[in-house]
Amino acid sequence: MGMVKVVGLVLHPRRDCGAAIDAIVRWAQTRDVTVLGLHDEITRIDCAAVAVSDREMVERAGLLVSLGGDGTMLRTMRLVEGRKTPVLGVNVGRLGFLAEVDLPDLPDALSMIDEHRFTVEPRTAVRTVLPDGREVSAFNDIALVRVPGDGLAHIGIDVEGSNFVRYAADAVIVATPTGSTAYSFSAGGPIVSPNVAGILVGASAAHSSFNRSLVLSPDEQLALDVAATSGRLAIEVDGIIQGYAGPGDRLSIIPVPAAAQVIRFGRTSFYERARRKLRVEGSAQVGGGDPGDAVVVDSFEQSRYEVLLGGELAGVLNYRRHGTRLELTHTEIDQAFEGRGLAKRLAAAALDDARRRATPVLASCPFVAGYVARHPEFSDLLAPEGTPS
């Protein structure tokens, strides 16, 4: 691509992107570059970007810049799906995975784009037509998820025109390689290099004897058949509910190779970013840290939620799984980090996670039980008393 003349901005709905927008506008002014923003996003802030519609932005911009986290990056990729317009991801706030640069590196990154010192990584999307006839695309995953109170997802996986296997599960997930580190990963799927051309199919909390993931070639025909015995299912597209499916519905999945082009500067590899995101090991930073920056992760290999502050393990909330139930057994905060409200952060995160996964909770940890008593909005998650099923 020649010199970029028009840059489009896509903003996180809540995080403050002011500093990033200022840096881009300053860079643009010295180069006679036009900066566009989306009507409903730009009107929130006072800046020199021109407000346009989604369509006009996609048609005019030679470069799209996503300011936010992974959700914003996925939305930007869906916006430009099928076009050659490259996308630069800028982390604003929490650690993102898809984003390539953090805020302080933004001016350098823009200069490198000017000088063509970057590579472009094509990303595969998956597309389907919802039962209501709308077409949707995802760059991470399309998932059929059990609706709380309804039956399990009973889904036949149809490959190349014949039924290969059937899952009974809380959710069935079709993921791209990009999405291998998202929902699919928490369901036990493999980490897949973005250079692999493939589609993953897997189940979360499978109740069927068959619980393995499948990896298909993008040119193999894939369809999901919702069985007569299935409960009602939410259809999540990159984590956002876009519709519902029920017994008899069939979703054909169409892979779209190179549906978006992501800018890379070669500073960090996919594996470094994956290790950071999935916290396979602690970062080297120590001490200090603002409790607001605490990160809670589900370290499911160790059956515990961990709260990390400045990359250091500050506390844990242990759990046990009993069939479909989750028992929260014990909360412990490292002495060096006491008195910062981190135990509450752990309890709230664990309960939010249980709500997201529609998992009944047994609070045998006295701290968690006390927390639920003080926050009755979580009380509906508690499983009826009795033996863990």
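Remember, predicted model here, so these are calculated numbers, not experimental data.

A. Local environment of the side chain of serine 180. Mapped onto the fold, serine 180 is located in the loop between β12 (171-175) and α6 (183-186). Here valine 192 takes part through its backbone nitrogen, which lies 3.0 Å from a polar atom of the side chain of serine 180. Setting aside anything within four residues of it in sequence, one finds serine 180 in contact with Phe185, Pro190, Ile191, Val192 and Leu200.

B. Representation of the packing of aromatic side chains within the structure. Under the definition given, this model contains four aromatic pairs. Judged by centre distance (5.6 Å) and plane angle (45°), the ring pair of tyrosine 167 and phenylalanine 210 falls under tilted. With tyrosine 167 in strand β11 (residues 162-169) and phenylalanine 210 in the loop between β13 (199-204) and β14 (214-216), the pair connects residues that are 43 residues apart, well separated along the chain. Judged by its relative accessible area of 0%, tyrosine 167 is buried. Overall, phenylalanine 210 belongs to the partly exposed group, its relative accessible area being 25%. On the numbers, 6.2 Å between centres and 35° between planes, the contact of tyrosine 371 with phenylalanine 378 is tilted.

C. View of the sheet that holds strand β17 (residues 240-245). If you trace the six strands from one edge of the open sheet to the other, you get β14-β13-β12-β9-β16-β17, paired in antiparallel fashion. Each edge of the sheet is formed by a strand with only one pairing partner; in this case those strands are β14 and β17. Here the average twist between neighbouring strands, direction ignored, is 20°. Pairing of β13 with β14, which is carried by three bridges, proceeds in the antiparallel orientation. Note on β14: the bridge partner recorded for leucine 200 is valine 215.

Parameters and conventions
- The residue count restarts for each chain, going from 1 along the sequence in the order it is written.
- Owing to the predicted nature of the model, reporting of local features is limited to residues with pLDDT of at least 70; listing and counting of side-chain atom pairs is limited to 80 or more, with chain, interface and lining totals taken over all residues.
- Computation of side-chain values: all heavy atoms of the structure, hydrogens and water removed.
- Strands are runs of DSSP state E lasting at least 2 residues, helices are runs of H or I lasting at least 4, and numbering of each runs from the N terminus.
- Polar contact is the term for a pair of N or O atoms within 3.5 Å; when the atoms are in protein, one must be able to donate a hydrogen and the other to accept it, and sequence-neighboring residues count only if both atoms are side-chain atoms.
- Contacts were defined at the residue level, with two residues in contact if any of their heavy atoms lie within 4.5 Å.
- Each Phe, Tyr or Trp ring (for Trp, its six-membered ring) is paired with any other whose centre lies within 6.5 Å, and the angle between the two planes then decides the class: stacked below 30 degrees, edge-to-face above 60, tilted in between.
- Buried, partly exposed and exposed residues are distinguished by accessible area as a fraction of the type maximum, computed with a 1.4 Å probe on protein chains only: under 20%, between the cut-offs, and over 50%, respectively.
- The pairing criterion is simple: DSSP has to find at least two bridges between the two strands.
- Inter-axis angles, ranging from 0 to 180 degrees, are taken between N-to-C directions of lines fitted to C-alpha atoms, where helices are fitted over the stretch in contact.

The values reported here are purely geometric and, on their own, carry no functional implication.
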